[in-house]
Amino acid sequence: MSAQTTEESEPGAEDGRAGAAARKREQHGWYFYDFACSVYSSSVLTVFLGPYLTAVAKAAADAEGYVHPLGIPVRAGSFFAYSVSVSVIVAVLIMPLAGAVADRTGRKKPLLAVAAYTGAAATAGMFFLGGERYLLGGLLLIVANASLAVSMVLYNAFLPQIATPDERDTVSSRGWAFGYTSGALVLVLNLVLFQGHDSFGLSEGAAVRICLASAGLWWGAFALIPLRRLRDRRVVREPGAAPAVSGWRQLVATLRDMRRYPLTLSFLLAYLIYNDGVQTVISQASIYGSEELELEQSTLIVAVLLVQVLAVAGALGMGRLARSYGAKRTILGSLAAWGLTLAAGYFLPARTPVWFFALAAMIGLVLGGSQALSRSLFSHLVPAGKEAEYFSAYEMSDRGLSWVGPLVFGLTYQLTGSYRDAIISLVVFFALGFVLLARVPVRRAVEAAGNPVPERI
């Protein structure tokens, strides 16, 4: 079983103004990891890497439009989606080990630093992606994506320790808002560089590579703030093998232990499915816009910038709705909106930016809130002392098991040659996730985990 934290790890153990001030300081530092790493998601994964890596793969393709990584024939237009799938499979193998080590040693910060700077270095290395180096691009994508997933296990595991139960919806939503703020800021800078690349003496490809690499530098620079402000909690260590050796046995024990909390598992199943759809939309939207709708790169940047700006308002606004209606109902409303948005996206006319901007606005209003409230809701379902262990399972649902959506997207395109068919195939993830989440009695789930039940949930 996992190590148990002492009372020091519980927000309730800190009393008085000094304790509240220390908790606020940690919360402010915690927000800045979203501020640091979200630039990777917005600039790299959502805007630049998909179209650019697809173009590199097409340059390396044979006469029939196929590349052959490891001798496997892959349509060049599907290479990016398949690379995303591989990256999250790699993350699945690493995240449980990281979560187990963090819980057994209490050393979340050093592990967070390793994951963050590995991902930042891989992202910065994308500066060297060019010509026909599609395999290099795929490898860097896999390393960066997997590192981000591992770092988020450790980052999310701090939430139950730095926020009281009644604070978590607000704190989680603010974290997402910080992330979308940084994403919007960097996208503005990216847009200036990309649009004015000639005046800077750069080719379009060089401008894209600078935008990719700058996201890695931003990630590494602002990760310093949470690493300074967050603090590790002492744990009661159990006798036995070294943590790194026992990590996989800990994973088996975690899965067995989670069977004691079937309602927590029910939430994870629902989240796994609908979040798979969310992550696939994030990673494949630029491909859909550039390849199917024939939109310019500058149009895609503006659209994603619009998503970032509205996602800040959406995250904060849905946080307020959750205080009135509860997190579960608010998330269900966002899933219905996601399904309608994708259905509308299927009918978008090509070469018509205004309708793509309307679609981006709809996505922005529900994106941040659905993610932030899912994270805060799950934090209520985690037994005390098992935060990193359980959040490793959550992160496997968040990123580590989100390979099915990109795989479905890539296979649909490979079989039909239509990105419209690929995008509409994702509606099923939101519909099924809605049904499964609606069936979870969240109050009973919080009580079963041994946690206090907030007034609204």
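The notes below deal with the structure included here.

What counts, and at which threshold
- Residue positions are given per chain, counting from 1 as you read along its sequence in written order.
- A pLDDT threshold of at least 70 governs which residues receive local features in this predicted model, and a stricter bar of 80 or more applies before side-chain atom pairs are shown or counted, although totals over entire chains, interfaces and linings include all residues.
- Hydrogens are left out, water is left out, and the side-chain values use all remaining heavy atoms of the structure.
- What counts as a helix is a DSSP run of H or I of at least four residues, what counts as a strand is a run of E of at least two, and both are numbered from the N terminus.
- Given the number of residues in a helix, its expected span is that number minus one, multiplied by 1.5 Å.
- Remark: exposure states derive from per-residue accessible area (1.4 Å probe, protein chains only) relative to the maximum for the residue type, with buried under 20%, exposed over 50%, and partly exposed in between.
- Residues belong to a common nonpolar core when they are buried Ala, Val, Leu, Ile, Met, Phe, Trp, Tyr or Cys residues joined through side-chain atoms within 4.5 Å.
- Contacts are assigned to residue pairs that have any heavy atoms within 4.5 Å of one another.
- The pairing test for Phe, Tyr and Trp rings, Trp by its six-membered ring, is centres within 6.5 Å, and the orientation test on the planes gives stacked under 30 degrees, edge-to-face over 60, and tilted for anything in between.
- Placement of a positive charge over a ring is assigned whenever Lys NZ or Arg CZ falls within 6 Å of the ring centre and within 35 degrees of the normal to the ring plane.
- The axes used here are C-alpha line fits, helices contributing only the stretch in contact, and every angle between their N-to-C directions lies in the interval 0 to 180 degrees.
- Roughly parallel refers to an angle under 35 degrees, roughly antiparallel to one over 145, roughly perpendicular to one between 65 and 115, and oblique to any angle outside these ranges.
- Whether a crossing is left-handed or right-handed is set by the direction in which the near helix is turned from the far one by less than a right angle, anticlockwise for left-handed and clockwise for right-handed.
- The residue classification treats Ala, Val, Leu, Ile, Met, Phe, Trp, Tyr, Cys and Pro as nonpolar and Asp, Glu, Lys and Arg as charged. All others, Gly included, are polar.
- Salt bridges, as used here, are contacts in which a Lys or Arg side-chain nitrogen is within 4 Å of a carboxyl oxygen on Asp or Glu.

## As for helix 13 (residues 353–379)
- In a regular helix each residue adds 1.5 Å, so 27 residues correspond to 39 Å; helix 13 covers 39 Å between its end C-alpha atoms and thus fits that length.
- Helix 13 sits mainly inside the fold: 20 of its 27 residues count as buried.

## A few points about the nonpolar core
- Counting 128 residues, the largest nonpolar core has Trp30, Tyr33, Tyr40, Leu49, Trp219, Phe267 and Trp338 as its most contacted members.
- Here this core takes 17 residues from helix 1 (residues 16–60), the largest share from any one element.
- Setting aside chain neighbours within four positions, we find Tyr33 in contact with Leu112, Ala116, Ser151, Met152, Tyr155, Trp219, Ala223 and Pro226.
- Among the nonpolar cores identified, the runner-up in size contains 8 residues, and Ala98, Ala146, Val150 and Val153 belong to it.

## Description of the packing of aromatic side chains
- Counted under the stated rule, the structure contains 21 aromatic pairs.
- Aromatic pair Phe409 and Tyr419: ring centres 5.9 Å apart, planes at 35 degrees, arrangement tilted. Highlighted residues: Phe409 in helix 15 (residues 404–416) and Tyr419 in helix 16 (residues 419–424), separated in sequence by 10 residues. Taken as a pair, Phe409 and Tyr419 share a single burial class, namely buried.
- Ring-pair connections join several aromatic residues into one group, and the members of that group are Trp30, Tyr31, Phe32, Tyr33, Phe35, Tyr155, Phe178, Trp218 and Phe222.
- In this structure, Lys108 packs its charged tip against the face of Phe158, placed 5.6 Å from the ring centre.
- In this structure, Arg209 packs its charged tip against the face of Phe127, placed 4.9 Å from the ring centre.

## Looking at unusual backbone geometry
- The phi torsion at Glu294 lies on the positive side, around 55 degrees, for a residue other than glycine.
- Mapping Glu294 onto the fold places it in the loop between helix 10 (262–292) and helix 11 (297–325).
- Residues other than glycine seldom take positive phi values, yet Arg351 does so here, at roughly 55 degrees.
- Structurally, Arg351 is set in the loop between helix 12 (327–346) and helix 13.
- You can call Arg351 exposed: its relative accessible area is 55%.

## Topic: the packing of helix 10 against helix 17 (residues 427–438)
- The geometry of helix 10 relative to helix 17 is characterised by a closest axis approach of 8 Å and an angle of 160 degrees between their N-to-C directions. Here helix 17 runs roughly antiparallel to helix 10, going by the angle between their axes. Here helix 10 and helix 17 pass one another in a crossing that is left-handed. Residue-level contacts link Phe267, Leu269, Ala270, Ile273, Tyr274, Asp276, Gly277 and Val278 of helix 10 to Phe429, Phe430, Leu432, Gly433, Leu436 and Leu437 of helix 17.
- Considered class by class, the residues forming the contact of helix 10 with helix 17 number 11 nonpolar, 2 polar and 1 charged.

## Let's talk about the pattern of salt bridges
- On inspection of all chains with the given rule, the structure shows 7 salt bridges.
- Residues Glu167 and Lys24 are paired through a salt bridge, measuring 4.0 Å at the closest nitrogen-oxygen approach. Placement of the pair is Glu167 in the loop between helix 5 (159–162) and helix 6 (168–195) and Lys24 in helix 1, with a sequence separation of 143 residues.
- Classification of Glu167 by relative accessible area gives buried; the value is 16%.
- On the basis of relative accessible area, Lys24 is assigned to the partly exposed category, the value being 36%.
- In this structure, Glu294 engages Arg351 in a salt bridge whose closest nitrogen and oxygen atoms are separated by 2.6 Å. With a gap of 57 residues between them, Glu294 in the loop between helix 10 and helix 11 and Arg351 in the loop between helix 12 and helix 13 connect regions that are remote in the sequence.
- On the basis of relative accessible area, Glu294 is assigned to the partly exposed category, the value being 44%.

Purely geometric stuff here, so don't read any function into it on its own.
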